[in-house]
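Now for the letters of each chain:
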Amino acid sequence: MTSVITAEDVYNIIADQERLKSYKDLSMMGGGNDKNKFHMELPFDDIKAFVEEERDKILSGLTDKDKEQFVWEHVGSTAIKGMPGTMHPDAMMLFREFPPSQSTVSAIIDNGFRFMGPGPFSTDDLWFFKTISGGFLDGHKMKLHVTLESFGPSKLLLETKRMCNEEPWAFEDYKNAKVEAAKKLEEGDMMGYKMAKGSSKLLQQLEAKYGIKKNVKNVS
């Protein structure tokens, strides 16, 4: 499959449900295992500032009307102070309605993100990746979910962040699951790492709460 390049290409695919369902650009998923290293201590403040800079760059290309359509959230392990993990930042743009405007898609693409396709659970969860160039995150990838605020996995990411930041048991449970799962990363198995984190009682509790059923074949 030819990789989508322009914002217009991306928007046209997003607007066509049949094309969107079958679209996948996996060219962004490569990278050396050195970038997937598991860190017991992540530079929380530095990554937080980086994610905020990315947010501001995207916002700078939007009208006030576009800005009112979504909420930006830093999520994942890099959004939880003290949580170990990899140095790949994650963020979400949470929309009340879909699809996002063409101007919003353009602002994302113009900031160096490429559209990978929909996530494993729904075409209402659009995945964009950016390979970071320069600085302390050089060569790492930032993942941006463009999704609905009502989407179950989006709620799970937000509640995982909230609970780990506010409830010690949740933090320790998720941390211990990640440390154990990191053995898979040492073997170069990123997929195994992602799946092994599912042993967390916190994640299992939230998956049940939001009715999320894992499809091992599709999890990315």
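Because the structure is a prediction, the values reported are computed rather than measured.

Novice: I tried to follow the overall build of the protein chain on my own but got confused; where do I start?
Specialist: Along the backbone of the protein chain there are nine helices and five strands. Listing the helices and strands of the protein chain from first to last along the sequence gives α-α-α-α-β-β-α-β-β-β-α-α-α-α. In summary, the protein chain has a C-alpha radius of gyration of 17 Å against a globular reference of 17 Å for 220 residues, a match within 12%. Principal-axis analysis of the C-alpha atoms places the extent of the protein chain at approximately 45 × 40 × 35 Å. Every one of the 220 residues in the protein chain was classed for burial, and the buried ones make up 47%.

Novice: Would you mind going over the packing of helix α7 (residues 168-186) against helix α9 (residues 201-209) with me for this structure?
Specialist: Helices that pack against each other are described as a pair by the angle of their axes relative to one another and the distance between those axes. Two elements in contact, α7 and α9, have axes whose closest approach is 7 Å; the angle formed by their N-to-C orientations is 105 degrees. In terms of orientation, α7 and α9 fall into the roughly perpendicular class. Seen from α7, the contacting residues are Trp169, Ala170, Asp173 and Tyr174; seen from α9, they are Lys201, Leu202, Leu203 and Gln205. Residues that form the contact of α7 with α9 fall into these classes: five nonpolar, one polar and two charged.

Novice: I tried to follow α7 on my own but got confused; where do I start?
Specialist: Helix length check: α7, at 19 residues, gives a terminal C-alpha distance of 27 Å against a target of 27 Å (1.5 Å per residue), a fit within 8%. Glu180 marks the point of greatest bend in α7, at about 25 degrees. Burial in α7 covers these residues: Ala170, Phe171, Asp173, Tyr174, Ala177, Lys178, Ala181, Ala182 and Leu185. Considering only its buried residues, α7 is in contact with α6 (152-166), α8 (190-196) and α9. Where α7 terminates, the next one or two residues include Gly188, which has phi positive at roughly 80 degrees.

Novice: How do you make sense of the sheet that holds strand β1 (residues 70-75) when you look at a structure like this?
Specialist: As a general point, the strands of a sheet are linked pairwise by backbone hydrogen bonds and lie either parallel or antiparallel. Read from one edge to the other, the open sheet built from five strands follows the order β1-β2-β5-β4-β3, with strand pairing classed as mixed. Pairing within the sheet leaves two strands with one partner each, and these edge strands are β1 and β3 (114-118). With strand direction ignored, the average angle separating the axes of adjacent strands in the sheet is 20 degrees. Relative to strand β5 (residues 141-148), strand β2 (residues 90-95) is paired through six bridges, and the arrangement is parallel. In the sheet register, Met92 faces β5, and the bridge partner there is His145. In the packing of helix α5 (residues 102-110) onto the sheet, contacts are made with β2, β3, β4 (125-131) and β5, and the angle to β2 comes to roughly 170 degrees.

Novice: Just to check I follow, could you spell out the nonpolar core for this structure?
Specialist: A general tendency of soluble globular proteins is for nonpolar side chains to be buried together. Core analysis: the largest hydrophobic core is formed by 31 residues, its most contacted members being Ile58, Met93, Phe115, Phe128 and Leu144. If you list the elements that add at least two residues to this core, you get α1 (7-14), α3 (44-59), β1, β2, α5, β4 and β5. When near neighbours in sequence (up to four residues on either side) are disregarded, Phe115 contacts Val10, Ile13, Ile14, Leu20, Tyr23, Asp25, Ile109, Leu126, Trp127 and Phe128. With 12 residues, the next largest nonpolar core counts Met83, Leu156, Phe171 and Tyr174 among its residues.

Scoring rules and cut-offs
- Residues numbered from 1 in each chain as written.
- Predicted model: local features only at pLDDT ≥ 70, side-chain atom pairs only at ≥ 80, totals over all residues.
- Heavy atoms only, no water.
- Helix = DSSP H or I, 4+ residues; strand = E, 2+ residues; numbered from the N terminus.
- Rg over C-alpha atoms; globule rule 2.2 N^0.38 Å.
- Buried < 20%, exposed > 50% of the residue type's maximum accessible area, 1.4 Å probe, protein only.
- Axes fitted to C-alpha atoms, helices over the stretch in contact; angles between N-to-C directions.
- Parallel < 35°, antiparallel > 145°, perpendicular 65-115°, else oblique.
- Contact = heavy atoms within 4.5 Å.
- Nonpolar A, V, L, I, M, F, W, Y, C, P; charged D, E, K, R; others polar.
- Expected span 1.5 Å × (residues − 1).
- Bend = angle between axes of the 7 residues up to and from the residue.
- Pairing = 2+ DSSP bridges.
- Core = buried A, V, L, I, M, F, W, Y, C linked by side-chain atoms within 4.5 Å.

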